[in-house]
Amino acid sequence: MTSPVSVTLGVADPTAAEEFYAAAFGLGPELRIRASEAPTTGFRGYTLSLAVSGPATVDGFIDAALGAGARPVKPATKSFWGYGGVVRAPDGALWKIATSKKKDKGPATREIDRFVLLLGVDDVLASKRYYVERGLTVGKSFGRRYVDFDTPSSSVKLGLYGRRALAEDAGVPPGGTGSHRLAITGDSGPFTDPDGFAWESASR
């Protein structure tokens with residue numbers, strides 16, 4: 001069975017990236033960093049999301065990220081589904097911090113409810129079939145638009161979006177070339193999916 005365990009970002013300066021993520025989000029073993037000079041331009045085809053308890057916590061994480069060196073991409077606002085915003089980390093990764101709640105019912109915290117990796121793919125149905133054949137279970141599916149996999153034993157939630165739709169959700173142009181600068185560690189592998197996202201063995 002394929003299930004994500006952690007995500008590794010390829011960055012030009014690992015020490016600076018470690019310092020940024022410690023200050024901005026305080027993430028644990030679900031996020032790893034390693035050196036990479038692989039060429040990449042524009043949208044890298046994925047977003048990382050932190051699902052949190054309420055708007056005040058969204059604002060707190062965004063403020064911490066901006067204070068640590070992130071750049072604003074999409075200001076935090078209310079929408080039909082809740083409240084959230086997007087920032088770009090100094091290493092280039094796009095991070096969405098969001099909540100399903102529109103009103104605060106408590107003070108801001110540094111607690112993260114879910115760590116979510118969304119892959120932007122060329123054909124959602126084909127990528128869905130690929131991952132189902134590798135043992136992932138579909139939690140929710142909205143045709144060619146979106147797939148949410150059920151990964152209860154993993155600290156990393158995995159979903160699929162159409163690439164253009166994911167870029168629009170993040171507030172960036174969909175064009176991009178070169179490396180994803182992303183590797184997914186799982187309990188099976190190694191393999192590379194149809195959109196070029198590399199999976200590595202958890203024992204590596």
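All figures in this text were calculated on a predicted structure; none of them were measured in a lab.

**Student:** I'd love a proper account of the overall build of the protein, names of residues and values included.
**Tutor:** Regarding its fold elements, the protein presents four helices and 15 strands. Against the 2.2 N^0.38 benchmark of 17 Å for 204 residues, the protein shows a C-alpha radius of gyration of 16 Å, consistent with a compact globule. Referenced to the eigenvectors of the C-alpha coordinate spread, the extents of the protein come out at roughly 45 × 35 × 35 Å. Each of the 204 residues in the protein was classed as buried or not, and the buried ones make up 47%. Of all intrachain contacts in the protein linking residues separated by at least 6 positions in sequence, the fraction that spans at least 24 positions is 65%. Entry remark: accessible area of the protein is about 9800 Å², with carbon and sulfur atoms responsible for 53%. Placing the 25 positive and 22 negative side-chain charges of the protein at their respective mean positions leaves the two points 6 Å apart.

**Student:** Give a detailed account of the packing of aromatic side chains, specifying residues and quantitative values.
**Tutor:** The geometry of two aromatic rings is summed up by the distance between their centres and the angle between their planes. Summed over the entire model, instances satisfying the criterion amount to 14 aromatic pairs. A centroid spacing of 6.2 Å and a plane angle of 35 degrees characterise the contact between Y21 and F25, whose relative ring orientation is tilted. A residue is classified by how much of its surface remains accessible, and Y21, at 4% relative accessible area, is buried. Three or more aromatic residues joined by ring pairs form one cluster here, namely F20, Y21, F25, F61, W95 and F115. Over the ring of F191 we find R134; its NZ or CZ atom is 3.8 Å from the centre of that ring.

**Student:** Got a sec to walk through the pairing of strand β6 (residues 83–88)? Specific residues and values, please.
**Tutor:** The element β6 is largely enclosed, with a buried count of five among its six residues. Judged from the five bridges that link them, strand β5 (residues 71–78) and β6 form a sheet pairing that is antiparallel. Note that in β6 the partner of K74 across the bridge is V86. Of the strand pairs in this sheet, β6 and strand β7 (residues 94–99) are connected by six bridges, and their pairing is antiparallel. Bridge pairing links G84 to A98 in β7. As consecutive antiparallel partners, β6 and β7 are separated by five residues, and within that stretch G92 has a phi angle of approximately 105 degrees, a positive value.

**Student:** If you had to explain the nonpolar core to someone new, which residues and values would you point to?
**Tutor:** Membership of the largest hydrophobic core comes to 44 residues, with the highest contact counts inside it found for L9, Y21, F25, W95, I97, L117 and L119. Filtering out sequence-adjacent residues up to four positions away, W95 remains in contact with L9, Y21, F25, L27, L31, L48, L50, G85, V86, V87, A89 and F115. Grouped together as the second largest cluster of nonpolar side chains are 10 residues, Y146, L166, A167 and V172 included.

**Student:** Help me get a handle on helix α2 (residues 55–67), residues and values and all.
**Tutor:** For α2, with 13 residues, the first-to-last C-alpha span of 18 Å sits near the 18 Å given by 1.5 Å per residue. Taken together, the buried positions of α2 are P55, T57, V58, F61, I62 and A65. Taken around the axis of α2, the buried residues stretch over an arc of 165 degrees, which confines them to a single face. Looking at α2, the residues exposed on the side facing more than 90 degrees away from the buried face are D63 and G67. The elements touched by buried residues of α2 are α1 (14–24), β5, β6 and β7. The positive-phi residue at the C-terminal boundary of α2 is G69, with phi of around 120 degrees.

**Student:** Outline the environment of V124, listing residues and values.
**Tutor:** Residue placement: V124 occurs in helix α3 (residues 124–133). Setting aside chain neighbours within four positions, we find V124 in contact with G143, R144, R145, Y146, V147, L160, Y161 and G162.

**Student:** How would you explain the pattern of salt bridges if you had to name every residue and give the values?
**Tutor:** One pass over the full model with this rule turns up four salt bridges. A salt bridge links R34 to E200; its shortest N-O distance comes to 2.6 Å. Here R34 is found in strand β2 (residues 31–35), whereas its partner E200 is found in strand β15 (residues 198–201), with 166 residues between them in sequence. Judged by its relative accessible area of 10%, E200 is buried. A salt bridge links K96 to D169; the shortest N-O distance between them is 3.0 Å. Note that K96 is positioned in strand β7 and D169 in helix α4 (residues 163–170), a separation of 73 residues in sequence.

About the cut-offs
- Residues numbered from 1 in each chain as written.
- Predicted model: local features only at pLDDT ≥ 70, side-chain atom pairs only at ≥ 80, totals over all residues.
- Heavy atoms only, no water.
- Helix = DSSP H or I, 4+ residues; strand = E, 2+ residues; numbered from the N terminus.
- Rg over C-alpha atoms; globule rule 2.2 N^0.38 Å.
- Buried < 20%, exposed > 50% of the residue type's maximum accessible area, 1.4 Å probe, protein only.
- Contact = heavy atoms within 4.5 Å.
- Areas by Shrake-Rupley, 256 points an atom, 1.4 Å probe, with all protein chains shown as cover.
- Lys, Arg positive; Asp, Glu negative; His and termini not counted.
- Charge placed at Lys NZ, Arg CZ, Asp CG, Glu CD.
- Phe/Tyr/Trp six-rings, centres within 6.5 Å; stacked < 30°, edge-to-face > 60°.
- Lys NZ or Arg CZ within 6 Å of the ring centre and 35° of its normal.
- Pairing = 2+ DSSP bridges.
- Core = buried A, V, L, I, M, F, W, Y, C linked by side-chain atoms within 4.5 Å.
- Expected span 1.5 Å × (residues − 1).
- Arc of directions from axis to C-beta.
- Salt bridge = Lys/Arg side-chain N within 4 Å of Asp/Glu carboxyl O.

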